[in-house]
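A structural walkthrough
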Amino acid sequence: MTLIGRLLHNRRAGDTHTAWNLPNLHGPELLTLTSEHFAHGAAIPLQQCAKTIGGDDLSPHLFWTPPPPGTAQLLLVVEDIDVPIAKPAVHCAALIDPSLAHLDPGALSAKRPAAGVQLLRSTIGRGYHGPAPIKGHGPHHYIFQLFALSEPVASATDAPHRARPRVLLPTITAPVLDRARLTGIVER
């Protein structure tokens, strides 16, 4: 795998096609998103990584400042912008009740999501899928993006829980009242 990583070293999706950069998800950036497991720009602990690389696939603790009044729903999208494909890989997508102020570790589990969390499809499946970058490919940046929406998510193409992320995310029409992001890094 190290040889493949080195061969693909300069091939990365980049952040152009992240949820953060979709025109319909632009908005103010006054929310703050943090984790007790890693600081912005720091390494994500192995426990939060995929089982395939020795982790526990345990979603990290996430905490955010209160969303603005009028927030109907929070949208969380976790993307790897360094995958060697055309667009970032969505590792998790979820709708969160705005009355929640944080997510405990494991709250994004596909088998047992926390109360107030509705898991959506991701590139990989449903629920949190921890980082597992290609060995030797260099650092991968995992961007946790939180959007405060003024209306609940509805998809023009399908029920939100069945739609693929690249189909669902551009169809969100609810104005974004606020947003925040947190970036963690994993390298093998």
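As a starting point, this report considers the structure included with it. Here the structure is a predicted model, which is why all the values come from computation and not from measurement.

Side note on the overall build of the protein chain
Check the secondary structure of the protein chain and you find two helices and nine strands. Reading the protein chain from its N end, one meets helices and strands in the order α-β-β-β-β-β-β-β-β-α-β. The C-alpha atoms of the protein chain give a radius of gyration of 16 Å, which matches the 16 Å a tight globule of 188 residues would have. Seen through its principal axes, the protein chain has C-alpha atoms that stretch 50 × 30 × 30 Å.

Quick look at the packing of aromatic side chains
For the structure shown, the criterion picks out two aromatic pairs. Between Trp20 and Phe147, the ring centres sit 5.9 Å apart and the planes meet at 45 degrees, which makes this aromatic pair tilted. Here the residue Trp20 occupies a position in the loop between helix 1 (2-7) and strand 1 (33-34), and Phe147 occupies one in strand 8 (residues 140-149), the gap between them amounting to 127 residues. Residue Trp20 shares its accessibility class with Phe147, and that shared class is buried. Aromatic pair Phe38 and Phe144: ring centres 5.6 Å apart, planes at 45 degrees, arrangement tilted. In this pair, Phe38 sits in the loop between strand 1 and strand 2 (42-43) while Phe144 sits in strand 8, placing the two residues 106 residues apart along the sequence. When sorted by exposure, Phe38 lands in the same class as Phe144, which is buried. Taking NZ or CZ as reference, Arg179 lies 3.8 Å from the ring centre of Trp20, over its face.

So, the nonpolar core
Of all hydrophobic cores here, the largest spans 27 residues; its most connected members are Leu103, Leu108 and Phe144. Elements with a minimum of two residues in this core: strand 3 (62-64), strand 4 (73-80), strand 5 (89-96), strand 7 (117-119), strand 8 and strand 9 (176-186). Element by element, the count of residues in this core is highest for strand 8, at four residues. In terms of nonpolar packing, the next biggest core, distinct from the first, is built from 19 residues, Ala19, Leu25, Leu168 and Ala174 among them.

Notes on the sheet that holds strand 6 (residues 102-103)
The three strands lie next to each other as 1-3-6, forming an open sheet whose pairing is antiparallel. Strands at the two margins of the open sheet, each flanked by one partner only, are strand 1 and strand 6. Note: strand 1 against strand 3, two bridges, orientation antiparallel. By the bridge assignment for strand 3, Thr34 is matched with Phe63.

Re the environment of Val153
Along the polypeptide, Val153 turns up in the loop between strand 8 and helix 2 (165-168). A C-alpha to C-alpha distance of 9.2 Å links Val153 and Leu74, two positions 79 residues apart in sequence.

Some words on the pairing of strand 4
The buried fraction of strand 4 amounts to eight of the eight residues, a majority that puts the element mostly inside the structure. Alternating residues of strand 4 divide into Gln73, Leu75, Val77 and Glu79 and Leu74, Leu76, Val78 and Asp80, and every residue in both groups is buried. When strand 4 meets strand 8, the two strands line up antiparallel, connected through eight bridges. Bridge pairing links Asp80 to Tyr142 in strand 8. The pairing of strand 4 with strand 5 spans seven bridges and is classified as antiparallel. By the bridge assignment, Val77 is partnered in strand 5 with Ala93.

What counts, and at which threshold
All residue numbers refer to position in the chain's written sequence, counted from 1. Confidence filtering applies because this is a predicted model: local features only for residues at pLDDT of at least 70, side-chain atom pairs given and counted only at 80 or more, and all residues used for totals across whole chains, interfaces and linings. Side-chain calculation: all heavy atoms of the structure are included, whereas hydrogens and water are not. Secondary structure elements follow DSSP: runs of H or I of four or more residues count as helices, runs of E of two or more count as strands, with numbering from the N terminus. For the radius of gyration, the atom set is restricted to C-alpha positions; the globular benchmark scales as 2.2 Å times the number of residues to the power 0.38. Pairing of aromatic side chains requires ring centres within 6.5 Å, counting the rings of Phe and Tyr and the six-membered ring of Trp. Pairs whose planes differ by under 30 degrees are stacked, by over 60 edge-to-face, and all others tilted. Exposure classes here rest on a 1.4 Å probe applied to the protein chains alone. A residue is buried below 20% of its type maximum, exposed above 50%, and partly exposed in between. Distance and angle both matter: a charge sits over a ring if NZ of Lys or CZ of Arg is within 6 Å of the ring centre and within 35 degrees of the ring normal. Residues belong to one nonpolar core when they are buried, are Ala, Val, Leu, Ile, Met, Phe, Trp, Tyr or Cys, and are joined through side-chain atoms within 4.5 Å. Think of it this way: DSSP has to see at least two bridges between two strands before they count as a pair.

Purely geometric stuff here, so don't read any function into it on its own.
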